[in-house]
Amino acid sequence: MRGAAGVGLYFTGNGAVFAALLPWYPLLVDRLGLSSWQFGLVVACFAVGSLLSSALPAALIARFGAHRVVIGGTVMLGVAASATAWSVNGVMMAICLLLLGCCDAIVDVAQNVVGISVQERAGRTILSSMHALWSLGGLLSGAAATAAASSGADMRAWLGLIGVAAVVITIVGHRLIGDYASPRRVADSDAAPEGRSGDGAVGRSKRMVLWAALPLAIVAICGAAVEDIANNWAGLAAVEFAGVPAASAGIAFSVVIGSQCLGRFSGDVLVTRFGAGRIAGFGGGLIACGGIGVIAAQEPVLLLVSMGALGFGSATLVPGALGAAARLPGVGRAGGVTLVNWLMRVGYLGTSPLVGVVATGGGLRWGLGILVLVGLLTVVFANRLDVRRT
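Residues numbered from 1 in each chain as written. Predicted model: local features only at pLDDT ≥ 70, side-chain atom pairs only at ≥ 80, totals over all residues. Heavy atoms only, no water.

Q: I keep staring at the overall build of the protein and nothing clicks. Help me out?
A: Tallying secondary structure elements over the protein gives 18 helices and zero strands in all. Every one of the 390 residues in the protein was classed for burial, and the buried ones make up 58%. Contacts in the protein between residues far apart in sequence, at least 24 positions, make up 85% of those at least 6 positions apart. Looking at the protein as shown, the accessible area adds up to about 15400 Å², and 67% of this sits on carbon and sulfur atoms. (Helix = DSSP H or I, 4+ residues; strand = E, 2+ residues; numbered from the N terminus. Buried < 20%, exposed > 50% of the residue type's maximum accessible area, 1.4 Å probe, protein only. Contact = heavy atoms within 4.5 Å. Areas by Shrake-Rupley, 256 points an atom, 1.4 Å probe, with all protein chains shown as cover.)

This is the structure we're talking about:
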């Protein structure tokens, strides 16, 4: 289907931009002389930026249409990622990541709204595969960036090239989808119904909607926390735990994103067969086991296998939570996705600073112990993903 292929390109381009920056983190930390807690605070600015976007995604989609939001946001993502490479101190790096996070949150909601629309029109689950293409874009981009860093390529030129490529991919995706997500269509299909006495969602208070969305947000937070820890700490863990050279440390991130990609490609079939809740619960168990393996690793094999478990276990959590959010009663599709997406980003805002603070006091192994807790929380709330449209 052309629509699904176009949305897949949206996700692929989005995943490629941020992943192109991550393998350079160890070199940036060394160049800027950042300590563990300073680095944790700097990378947390990405989450802060996503929170500052607040209600912007739904408003921008309704005003300009999802296509323009995705394309314009991708342009800004490329600019912010490239500017990060020019950082001369931690403050400049933090500002760049702040802008990167704000744009990423907006693009994320817009591409998910289009993906959910295509999924409902197709009458089958495809959202996990769309997120798999995001992971694939990140995997290929991260692996290429790791190779570029290992070969001594210029970070600034590399990130600029990836930014341009991502914009081109997104424009091609736009052409494939056509005018499916125009402002009028988004408003008509996503607005919450008003004045219909037969709709049980009408009159539901904002507090009730929030309580309904909170369990979904917790599951999404757990999935995003694994990604956040892999983004920011996998490379450093590979260097400290397994003695991997700093220039090659991106292999750890690539393993996480690669296993996550495999899990998401198979996720649609598994969710259709067993249900989103059961698959999420199984994933939570894998995350907990993977976390134990990471903090116990002394050499590359166990570390990388554990990283693989983390990626596979977290594969369906975010797409499952966002898909359920689109079916929440009392809010429209864009509103539900925006709400859970925003709560998710609020929740994992403190992940990297917490890891950094604990690592400063007790070592990185203790800091990464949060992964075990993430896995257990996923198991507890996994069954809430089985939301039915009312």
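Following the structure, the description resumes.
Q: Mind showing me how you'd approach the environment of Gly308 here?
A: Along the chain, the position of Gly308 falls in helix α13 (residues 300–313). You can call Gly308 buried: its relative accessible area is 15%. With 51 residues separating them along the chain, Gly308 and Ile257 place their C-alpha atoms 8.2 Å apart. Setting aside chain neighbours within four positions, we find Gly308 in contact with Val255 and Ser259.

Q: Can you help me understand the nonpolar core in this one?
A: As a rule of thumb, nonpolar side chains are buried together in soluble globular proteins. The biggest cluster of nonpolar side chains holds 110 residues, and the ones touching the most others in it are Tyr25, Met93, Leu97, Leu100, Val340 and Leu368. Once residues within four sequence positions are removed from consideration, Leu100 is found in contact with Phe18, Leu21, Phe46, Leu77, Ala80 and Ala81. (Core = buried A, V, L, I, M, F, W, Y, C linked by side-chain atoms within 4.5 Å.)

Q: Explanation requested: helix α7 (residues 127–150) in the structure shown.
A: Residue pairs spaced three or four apart in an α-helix point in one direction, given the helix's 3.6 residues per turn. The end-to-end C-alpha separation of α7 is 34 Å, in line with the 34 Å expected for 24 residues at 1.5 Å each. Among the residues trailing α7, Gly152 stands out with phi positive, at a value near 80°. (Expected span 1.5 Å × (residues − 1).)

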